[in-house]
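# Coordinates in review
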Amino acid sequence: MVGRLRRRLISFRISEQYLMKTLLPTSTAGSLPKPVWLAEPETLWSPWKLQGDDLIEAKHDALRLSLDDQRRAGIDIVSDGEQTRQHFVTTFIEHLDGVDFENRKTMRIRNRYDASVPVVVGAVSRPKSVFVEDAKFLRAQTDQPIKWALPGPMTMIDTLYDDHYGSREKLAWEFAKILNEEARELEAAGVDIVQFDEVNDCAVATVEKAAEGLKCETAVHICYGYGIKANTDWKKTLGSEWRQYEEVFPKLRSSSIDIISLEAQNSRVPMDLIELIRGKKVMVGAIDVATDTIETPEQVADTLRKALQFVDADKLYPATNCGMAPLSRHVANGKLRALSAGADIVREELSRDLYYGDERSEP
């Protein structure tokens, strides 16, 4: 009896260590707020406050600071917080040939609002890498896993007026090839997960093309947008249940993408839709980015418990619903701490279940 108990305790300690270190790795879905000395806070597309070499140094300082904020909050899979880009889509496109940013045209963005956007005037190409040097810099600062977000092909199309290809499909395919070039170089720079931020009606084949040949893990993030007024107003029109994931999830389940990232906290997305991607790793948004209210750890834990009904614990990645650039650093850091603490609660519950599970089933 004593030997059996001792073996159980040793097994429990090993299993508990495994659980606490590897289960429910936390991450962010996208951007984090920039410091006030780099750009105007709580604002998208905020202009830089510095120029030249001073700007380069300031971006690196901001990247270090963002990394430190994530570490202090207990985030497991860190990111650049998008500190070196003004916008998660536009900054990448600015580095491409074939796009005119001077002579803009007005178009409807996702049937929500009108915007003045750049124009595709010729064959698009990437003359050089866009974020690779930033990724190398981040890799040198940490030995934690790094996730790097890129805009998806359809997301890029949604922010451009096409005056050259005359076909969304053709343009999406060209963007997918360009993104694949960047993703391969990011992987070589030490990035562990490359994420593509996409729209609900994304073409899965183009995302797979963007991820083609990568040996690191790949993710696709699909949510209902930043917590800005245009998005929150649009959400009010979607009814009592948001079922937009229903069409794309079965396609993603059969795709080569490793991780599916979705919105859940304070959302009207039915949690059981996760069943449609059973077998995939799922990055569940347990932090609402559309409010300054900081979640309690228990609120985060409750969202994760609900998700665990439809995804195995070893495939659940707690995250934010979307990027947090429009929030203050104080609020964003509080939300990151809540995310980490909520994941800790559920990890502890899972470790107790592991230890007591056999005993509870014994007569």
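Owing to the predicted nature of the structure, the values given are computational and were not obtained by experimental measurement.

## So, the layout of surface pockets
- Of the pockets and cavities examined, the largest pocket occupies roughly 820 Å³.
- Considering the residues around the largest pocket, the lining is formed by 43 residues, among which His87, Phe88, Arg110, Tyr113 and Thr159 are closest to the centre.
- Counting only elements with at least two residues in the lining of the largest pocket, the list comes to α3 (90–94), β1 (97–109), β2 (113–125), β5 (193–198), β6 (217–222) and α8 (229–235).
- It is β2 that provides the largest number of residues to the lining of the largest pocket, a total of five residues.
- Its volume calculated, the second largest pocket comes out at about 330 Å³.
- As for the second largest pocket, its lining consists of 16 residues, and the residues nearest its centre are Lys59, Thr84, His95, Val130 and Asp134.
- Sorting the residues of the lining of the second largest pocket by element identifies α2 (52–73), α3 and α4 (132–141) as the ones contributing at least two each.
- Per element, the largest residue contribution to the lining of the second largest pocket is three residues, and it comes from α2.
- Of the residues belonging to the lining of the second largest pocket, the class tally is four nonpolar, six polar and six charged.

## Thoughts on α2
- With 22 residues, α2 extends 32 Å between its outermost C-alpha atoms, agreeing within 8% with the 32 Å of an ideal straight helix rising 1.5 Å per residue.
- Among all positions in α2, only Leu55, Ala58, Lys59, Ala62, Leu63, Ser66, Leu67, Asp69, Gln70 and Ala73 are buried.
- The positive-phi residue at the C-terminal boundary of α2 is Gly74, with phi of around 90°.

## Some words on empty space enclosed by the protein
- Applying the stated criterion to the full structure yields three cavities of 30 Å³ or more.
- As a volume, the largest cavity reaches approximately 110 Å³.
- Forming the walls of the largest cavity are 17 residues, and the residues nearest its centre are Lys34, Thr43, Leu44, Gln86 and Ala325.
- When the residues that make up the lining of the largest cavity are grouped by side-chain class, the tally is seven nonpolar, five polar and five charged.
- Of the volumes computed, that of the second largest cavity is approximately 70 Å³.
- Lining the second largest cavity are Leu32, Pro33, Pro35, Ala62, Leu65, Ser66, Asp69, Gln83, Arg329, Asn333 and Leu336.
- Those elements that place two or more of their residues in the lining of the second largest cavity are α2 and α11 (329–361).
- Within the lining of the second largest cavity, the residues separate by chemical class into six nonpolar, three polar and two charged.

## Focus on the side chain of Thr28
- Within the secondary structure layout, Thr28 lies in the loop between α1 (2–22) and α2.
- Judged by relative accessible area, Thr28 falls into the buried class, the value being 1%.
- Contact partners of Thr28, with chain neighbours within four places excluded, come to Ile77, Ser79, Lys147, Thr320 and Leu336.

## Some remarks on the sheet that holds strand β4 (residues 161–162)
- Judged by pairing direction, the sheet is mixed, and its three strands sit side by side in the order β1-β2-β4 without closing on themselves. Looking at strand neighbours, the two that pair on one side only are β1 and β4, the edges of this open sheet.
- Relative to β4, β2 runs parallel, the two being bridged by two bridges. Bridge pairing links Val120 to Asp162 in β4.
- Of the strands in this sheet, β2 and β4 are in contact with helix α6 (residues 168–188), which crosses β2 at around 70°.

## Thoughts on the packing of aromatic side chains
- Across all of its chains, the model carries three aromatic pairs by this definition.
- Ring centres 6.0 Å apart and planes at 40° place the aromatic pair Phe92 and Phe131 in the tilted group. Remark: Phe131 occurs in the loop between β2 and α4 and Phe92 occurs in helix α3; sequence separation between them is 39 residues. Here Phe92 and Phe131 have matching classes, each one buried.
- When the ring of Phe131 is compared with that of Trp148, the centres are 6.2 Å apart and the planes differ by 45°; the resulting orientation is tilted. Separated by 17 residues along the polypeptide, Phe131 in the loop between β2 and α4 and Trp148 in strand β3 (residues 147–151) bring together distant segments of the chain. Summarising the burial analysis for this pair, Phe131 and Trp148 share the class buried.
- Grouping aromatic residues by their ring pairs yields a cluster made of Phe92, Phe131 and Trp148.

## As for the pattern of salt bridges
- Scanning all chains against the criterion turns up 27 salt bridges.
- The salt bridge partner of Arg126 is Glu182, with a shortest N-O separation of 2.5 Å. Within this pair, whereas Arg126 is found in the loop between β2 and α4, its partner Glu182 is found in helix α6, the two being separated by 56 residues in sequence.
- Exposure remark for Arg126: the relative accessible area of 13% places this residue in the buried category.
- Salt-bridge contacts for Asp312 lead to Arg278; the nearest nitrogen and oxygen are separated by 3.5 Å. Of this pair, Asp312 sits in the loop between α10 (297–307) and β9 (316–319) while Arg278 sits in the loop between β7 (259–263) and β8 (281–285), placing them 34 residues apart in sequence.
- By relative accessible area, Asp312 is classed as partly exposed at 41%.
- Linked by salt bridges that have partners in common, Arg126, Glu181, Glu182 and Glu185 make up one network.

Cut-off values and rules
- Residues numbered from 1 in each chain as written.
- Predicted model: local features only at pLDDT ≥ 70, side-chain atom pairs only at ≥ 80, totals over all residues.
- Heavy atoms only, no water.
- 1 Å grid on protein atoms, 1.4 Å probe; cavity = no way out; pocket = protein on both sides within 12 Å on 5 of 7 lines; lining within 4 Å.
- Points joined across faces, edges and corners; volume = space filled by probe spheres on them.
- Helix = DSSP H or I, 4+ residues; strand = E, 2+ residues; numbered from the N terminus.
- Nonpolar A, V, L, I, M, F, W, Y, C, P; charged D, E, K, R; others polar.
- Expected span 1.5 Å × (residues − 1).
- Buried < 20%, exposed > 50% of the residue type's maximum accessible area, 1.4 Å probe, protein only.
- Contact = heavy atoms within 4.5 Å.
- Pairing = 2+ DSSP bridges.
- Axes fitted to C-alpha atoms, helices over the stretch in contact; angles between N-to-C directions.
- Phe/Tyr/Trp six-rings, centres within 6.5 Å; stacked < 30°, edge-to-face > 60°.
- Salt bridge = Lys/Arg side-chain N within 4 Å of Asp/Glu carboxyl O.

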